[in-house]
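Residue-level structure breakdown
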Amino acid sequence: SLRFGGNPHSQVWFSGHLGWVHDSLFPLQDVGVLEYQAPQLAAACLAAAFQGSCEEAVVLDVACGTGLAAQELQARGFRHLHGLDGSPEMLACAHRKGLYQELRQCVLGQEALPAPEGHYDIVLIVGALSEGQVPAGVVPELLRVTKPGGWVCLTTRRDAGNLRYEAELRRRLDELEQQGAWEKVAAQEVGRWEKAAQGLGYISGVVYLYRVEGGAPDAARGAFEGQDLALEDAKQQ
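Residues numbered from 1 in each chain as written. Predicted model: local features only at pLDDT ≥ 70, side-chain atom pairs only at ≥ 80, totals over all residues. Heavy atoms only, no water.

The name given to the protein chain in an unreviewed UniProt entry is Methyltransferase like 27, and the organism recorded there is Varanus komodoensis.

So this is what it looks like as structure tokens:
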């Protein structure tokens, strides 16, 4: 079912390949032009490390946009997908693809995630954690709605304009690990994340994968490292 929450009259932003930009300014076809790799790489990372039934796992796709990450997850066997985004237009587009069992509107950084504590097996946020987009302070909310032993997957860019944000994000991720809330399973750096503006080479990026307290991160890390991932191919190109 398609359900919208929050204030429908507030200014809403949506996740896209360059972050959260206003609905009327973002041409959807640019995703292909920029060779945007984050959804594919995040899904590959999760599928390689996940221990359990992909078909039974309940996944929350935060800042889901039009469903790019959901397409990649479904191709890898994940079937129970819920999506959140700030834009009714993006949610309507995602709904038409028929990938999600549930879609809700939520403006990240302004509202709590509309889910109870410890509800999801997997939570991911792809393409929205960058300067001027979703604040790094949302990370504890991602953790809150993930089950003990569950997984959180995040991506961010590593271009010059995002260095300060990435440092703040990494500080928050490390702080939660030091507190014992989760353990890092993977941090995969990718050189060809997406094309830079004006065709000036490529922007790099990183995929982070964490196992929430209550899981077995060492076993998960071993399973991940044993895979021949698309991430490694992209990294070496």
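The rest of the description comes next.
1. A word on the pairing of strand 9 (residues 202-212)
For strand 9, the tally of buried residues reaches nine of eleven residues, placing the bulk of the element in the interior. Bridge count for strand 7 (residues 146-157) against strand 9 is seven bridges, and the pairing is antiparallel. When the bridges of strand 9 are listed, Trp-151 appears paired with Arg-211. Strand direction decides the pairing type here: strand 8 (residues 182-195) and strand 9, joined by ten bridges, are antiparallel. When the sheet's bridge partners are listed, Glu-189 is paired in strand 9 with Val-206. (Buried < 20%, exposed > 50% of the residue type's maximum accessible area, 1.4 Å probe, protein only. Helix = DSSP H or I, 4+ residues; strand = E, 2+ residues; numbered from the N terminus. Pairing = 2+ DSSP bridges.)

2. Digging into helix 2 (residues 38-49)
Compared with an ideal rise of 1.5 Å per residue, which puts twelve residues at 16 Å, helix 2 spans 17 Å between its outermost C-alpha atoms and is within 8% of the ideal. By the criterion of burial, helix 2 is predominantly enclosed, with ten of the twelve residues buried. Of the positions making up helix 2, those classed as buried are Ala-38, Pro-39, Leu-41, Ala-42, Ala-43, Ala-44, Cys-45, Leu-46, Ala-48 and Ala-49. (Expected span 1.5 Å × (residues − 1).)

3. Focus on the nonpolar core
Counting 34 residues, the largest nonpolar core has Phe-78 and Leu-209 as the members making the most contacts within it. Those elements that place two or more of their residues in this core are helix 2, helix 3 (68-75), helix 4 (88-97), strand 6 (120-125), strand 7, strand 8 and strand 9. A total of seven residues in this core trace back to one element, the largest contributor, which is helix 2. Residues within four places of Phe-78 in sequence aside, it is in contact with Ala-47, Phe-50, Cys-54, Ala-57, Val-59, Leu-73 and Ile-122. Within the second largest apolar cluster, 32 residues are counted, among which are Leu-129, Leu-169, Leu-173 and Leu-176. (Core = buried A, V, L, I, M, F, W, Y, C linked by side-chain atoms within 4.5 Å. Contact = heavy atoms within 4.5 Å.)

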